[in-house]
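# Residue-level structure breakdown
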Amino acid sequence: MQYNHQEIEKKWQEYWAKNQTFKASNTSDKPKYYVLDMFPYPSGAGLHVGHPLGYIASDIYARYKRHKGFNVLHPQGYDSFGLPAEQYAIQTGQHPAITTETNIKTYRGQLDKIGFSFDWSREVRTSNPEYYKWTQWIFIQLFNSWYNKDSDKAEDVSTLVAKFEAEGNATVNAVCDEDIITFTADEWNGFSSTKQQEILLQYRLTFLSDTEVNWCPALGTVLANDEIVNGVSERGSHPVIRKKMTQWSMRISAYAQRLLDGLNGIDWPQPLKDIQTNWIGRSQGAMVSFEVQSTKYKVESDVTSSAVEKPYKIDVFTTRPDTIYGVSFMTLAPEHELVAKITTDAQREAVETYVEATAKRSERDRMADVKTISGVFTGAYAIHPFSGKQVPIWIGDYVLASYGTGAVMAVPCGDQRDYDFAKHFDLEIPNIFEGVDISEEAFADKEKSVIANSDFLNGLPYKKAMKTVIYEMEQRGFGYGKINYRLRDAVFSRQRYWGEPFPVYYKDGMPQMIEKQHLPVVLPEVEKYLPTEDGKPPLGNAEVWAWDTTTNTVVSNDKVDNETVFPLELNTMPGWAGSSWYFNRYMDATNDGDFVSAAAVEYWKEVDLYIGGSEHATGHLLYARFWQKFLFDLGLVPVDEFAKKLINQGMILGTSAIVYRIAGTNKYVSLGLKDNYKADELQELRVDVKLINSSDELDLEGLKNWQPQYADAEFELEDGKYIVGREVEKMSKRWFNVVNPDDICEEYGADSLRLFEMFLGPLEQFKPWKTSGISGVYSFLKKLWKLFHNGENFEVSEGEPTKDNLKTLHKTIKKVEEDIENFSFNTSVSTFMIAVNELTAQKCNNKAILEELLILISPYAPHIAEELWSKLGHENSIAFAAFPQFDGKHLVESEKEYPISFNGKMRFKLKLPLDMSKEDIEKTVMAHEKTQEQLQGRTPKKVIIVPGKIINIVG
RNA sequence: GCAGGAAUGGCGGAACUGGUAUACGCGUCAGAUUUAGAAUCUGAAUUUUGAGAGUUCGAAUCUCUCUUCCUGUACCA
């Protein structure tokens, strides 16, 4: 009987579906284990062979854990909001929901063919109203929370209001906006409702603010920092400019320290932790305030309504407050708000010209050109807080508005950028370091710094100087020690259609949340998916998009009276909203009354193993950790890190095929002959990899039929063949190097695909796909099949296994178990091959041995395992069969074939009993004729004997 | 610039806490079977672990220097 993968795989996929074999229960006596994949965005292109790599690995682990007696949760779903469906809608008018539905069907069909053990009863789709209802709900929770630094967690806004009512805000220690006014309890109680809401908004964990955003005109939307690569949009490479807009933001900065600390407790790859650590960018230093000389402005006090005059102040953040006596000028970012206010009339024109010129330069230009030093003097001076000296204030584009306060105290002797700026504009460079030459460059080695020319800091090394100066600044009231984070609050509004609508309407300009029982607020229908002509987001096109507070329904816009019917928010949420909590939803995916039931989340707790790409390091993986910590603060989830262990699978790359066209002709040169032509005479064209066989030979007829441009192609062949060039690059339609898993499943079967993807190399590594290698695992499966068959008949023997049989089996059990625990799936595939080769050589068809072998293989190649398992007479699925128990007694040896080395080089082997004493080994070896032959009469200096390992003769 | 990672036959890759270097597979070559193709079976070859030094009885593995490549990130004050 032949191994017929098509028949077998179809049969068992249907069996699993029908019997709901992999449906997980939320109650069980078994220990729980939660294995999760990063859910895919269902794109129109469908899956290529690279996508399932991580899914196969996690599936193997999930199946392994079932064999090991765990109650395994292994769900799958779709991150189904996103830009491609929307852009398709813009082009064709087809509703994104339809596109998405179609794509999901394709994905599901492809996934099913690979034989994953997903519990599809828990499927989630972020674009389903039943799902995004809870995304909206979590948003509301964030709106209703503030971050209390004293308790170091998020709390309900009611606790904040209570504080305001009792004692005003002076004693409140919160993460909030920076420009907060101080008020007393009486003042608070006297504020209008709108005023109170305005103030509260400055404390909420999600808040509205006028922020400088990354606006992408081509996409008509705002992009997050991690959606921009090299100054252009990640998607489509469109230019991005800075623009002020009112946007929802998430106060992720409140969690900066906890996001950093949390990394210590989770088993994630170090590179990924490093990326997050850098992204959060903690730096320790001080805030220092410099007064601007002879400037005054009037402050309208909210409290007394009387005007007070105050000098302008420039706040700077510095990591080197110890070098404060080295300050010889200050630099403001051109966008700094004080620039216009402090510039003297004499300098005004020059400054304005400069500011305008910088504003025009895109972020990209500014980044590309870091060597040109530019700047302008404002004419104003600051007063050095310690020395009282005048310090000129400059503006320069090397100072970024978005980091720190957008202003620096320039210490040219200690910072190379300040140094270069000072040299360029011929500014003073005072030296405040002991015994250091700064005539050529700045001295930035803080560990070796000893401060000089700095009054009370003289003679102090860096660390002591830091402490002393911060203490002194705090005493005198113009500075304080501060930890600064690079992590910015995350903009949460997108000007897109295909995203979660906000559960928000506006009353008197203030945002109001829609109550839980009225959720979800469902995405409205629109005529056009583009922004409106007056620049509003696509939801501005909706005609029925107002909130009636009497009926609590969405009603037509013309009913808006701002009394009981109000306009709804026009922005939608970003892509990361739905993916920041989906792992919790799987625990209780159909719950209609709660985002997840307390019982379910208490049972499953967190993801035990999460597999996905490292490209989400500063996006999804950071936001998800943030939301999890927030939900934890609210007592809604039991742990504050959502994934205990994470593995980044590498990407499978395509191997593109290249033909060489002689420029201006329709003639193509084979790879080996292309050197006969000059490089500029040849054009490289990529052709479909389906036209290439395993030895890089091109199917000429196939090419002619492939695209009209090749119909009358001529070829210059080598040995009668056309050999193509190969290039490893990302799988992409435009390179014609995409390999569809469906084709592989059809030809070799899902089990072969699964084994082959694992066999390709270590999971985390990037590796090119080469279909040619798959025949190896395919013939392995055929050999495995043959072990159970004698010609046409299924035939296994019942007797006692031989010693050799047992040795092979237990060696395999040990290795495979270790490999799976270490996620070294490639080596366990080799182990299976060795085992099957050995058992074949032993002519073993012993039932007891084969049965256990099947269980070992079943996580990798579940279909063939199920089939043979049932042929062995089992009525239940192999999926829950107990994993074989390793027994070391089968591997015990009495002899060891020792490698005999001379000066570290192995020369011959010698079989000796393992219990032989060192002395006897030495005697035996030295007496051996081959030893004497090697020594040629010399006397060895030393003989190293490591029992059970090696013998090394030195001399 | 900074941070992290990698380099082993023609190719993908093995090699546990230093102890027989290239397991396993692909490809190649030879042979068997076959009308042909395909499939199957048997056998063979390749290298000295990016370069150089050090520690060691012994280094792919540990240390240092250098080279190349990949990833992330950056006028971050």
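In short, a report on the structure. (Residues numbered from 1 in each chain as written. Chains lettered and ligands numbered in written order. Predicted model: local features only at pLDDT ≥ 70, side-chain atom pairs only at ≥ 80, totals over all residues. Heavy atoms only, no water.)

### A few points about a negative patch on the surface
A contiguous patch of negative charge on the surface is contributed by Glu178, Asp179, Asp315 and Glu337. Counting through the fold element by element, Glu178 comes out in the loop between strand E5 (174-175) and helix H7 (185-190). (Patch = residues over 30% accessible without salt bridge, like charges linked within 9 Å, V, L, I, M, F, W, Y side chains within 5 Å. Areas by Shrake-Rupley, 256 points an atom, 1.4 Å probe, with all protein chains shown as cover. Salt bridge = Lys/Arg side-chain N within 4 Å of Asp/Glu carboxyl O. Lys, Arg positive; Asp, Glu negative; His and termini not counted. Charge placed at Lys NZ, Arg CZ, Asp CG, Glu CD. Helix = DSSP H or I, 4+ residues; strand = E, 2+ residues; numbered from the N terminus.)

### Quick look at the sheet that holds strand E39 (residues 950-954)
The pairing of strands in a sheet happens through backbone hydrogen bonds and is either parallel or antiparallel. If you trace the 4 strands from one edge of the open sheet to the other, you get E37-E36-E39-E38, paired in mixed fashion. Looking along the sheet, the strands with just one partner apiece sit at the ends: strand E37 (905-913) and strand E38 (942-946). Ignoring which end each strand starts from, the neighbouring axes of this sheet average 20° apart. The pairing of strand E36 (residues 895-902) with E39 spans 3 bridges and is classified as parallel. (Pairing = 2+ DSSP bridges. Axes fitted to C-alpha atoms, helices over the stretch in contact; angles between N-to-C directions.)

### Observations concerning the protein's contact with RNA strand B
Around RNA strand B sit 47 residues, and of these Thr319, Tyr403, Leu760, Met833 and Lys909 come closest. The contact in question runs from a phosphate oxygen of RNA strand B to an N or O atom on the side chain of Asn837, over 3.3 Å. Listing elements by their share of the surface near RNA strand B, those giving two or more residues are helix H10 (270-280), strand E14 (313-318), helix H23 (774-787), helix H25 (825-841), E36, E37, E38 and E39. Taken together, the residues that form the surface near RNA strand B break down as 21 nonpolar, 14 polar and 12 charged. (Near = heavy atom within 4 Å. Polar contact = N/O pair within 3.5 Å; in protein donor to acceptor, adjacent residues only side chain to side chain. Nonpolar A, V, L, I, M, F, W, Y, C, P; charged D, E, K, R; others polar.)

### Let's talk about the sheet that holds strand E24 (residues 553-555)
An order of E24-E23-E25 is seen for the 3 strands of this open sheet, with the pairing classed as antiparallel. Each edge of the open sheet is held by one strand with a lone partner, namely E24 and strand E25 (565-567). Here the strands of the sheet are splayed against their neighbours by 35° on average, with no regard to which way each runs.

### What about the pattern of salt bridges?
Here the structure, examined in full by the defined rule, presents 30 salt bridges. One salt bridge connects Arg754 with Asp59, and the closest N-O pair in it is separated by 2.8 Å. Pair noted here: Arg754 is in helix H22 (residues 750-759) and Asp59 is in helix H2 (residues 52-67), with a separation of 695 residues, a long-range link. For Arg754, a relative accessible area of 0% translates into the label buried. For Asp59, a relative accessible area of 0% corresponds to the buried category. Between Arg125 and Glu101 there is a salt bridge; the shortest N-O distance is 3.1 Å. Of this pair, Arg125 sits in the loop between helix H4 (96-113) and helix H5 (129-143) while Glu101 sits in helix H4, placing them 24 residues apart in sequence. On the accessibility criterion, Glu101 (32% relative accessible area) is partly exposed. (Buried < 20%, exposed > 50% of the residue type's maximum accessible area, 1.4 Å probe, protein only.)

### Section: the nonpolar core
Grouped together as the largest cluster of nonpolar side chains are 103 residues, with contacts concentrated most on Tyr61, Leu698, Trp769, Leu784, Phe825 and Leu853. The contact partners of Phe825, leaving out residues within four places of it in the chain, are Ala57, Ile60, Tyr61, Met758, Leu763, Ile820 and Tyr860. (Core = buried A, V, L, I, M, F, W, Y, C linked by side-chain atoms within 4.5 Å. Contact = heavy atoms within 4.5 Å.)

### Let's talk about helix H14 (residues 416-425)
Along an α-helix, residues three or four apart share an orientation, since each turn contains 3.6 residues. Within H14, the full set of buried residues consists of Asp418, Tyr419, Phe421 and Ala422. Down the axis of H14, the smallest arc covering the buried residues is 165°, so these residues share one side. Buried residues in H14 make contact with strand E15 (329-332), strand E16 (375-383), strand E17 (390-396) and strand E18 (407-410). Positioned one or two residues after H14, Asp426 has a phi angle of 60°, which is positive. (Arc of directions from axis to C-beta.)

### Re the packing of H25 against helix H26 (residues 847-857)
At a closest axis distance of 12 Å, the pairing of H25 and H26 adopts a crossing angle of 165°. Considered as vectors, H25 and H26 are oriented roughly antiparallel to each other. Of the two possible hands of crossing, H25 and H26 adopt the one that is left-handed. Of H26, the residues touching H25 (which contributes Phe832, Ala835, Val836 and Leu839) are Ile849, Leu850, Leu853, Leu856 and Ile857. The residue makeup of the contact of H25 with H26, split by class, is 9 nonpolar, no polar and no charged. (Parallel < 35°, antiparallel > 145°, perpendicular 65-115°, else oblique. Left-handed = near helix turned anticlockwise from the far one by under 90°.)

### A word on the pairing of E38
Burial along E38 is one-sided: the face carrying Val943 and Ile945 is buried and the face carrying Lys942, Ile944 and Val946 is not. Hairpin connection of E38 to E39: 3 residues between the antiparallel strands, including Gly948 at a positive phi of 85°.

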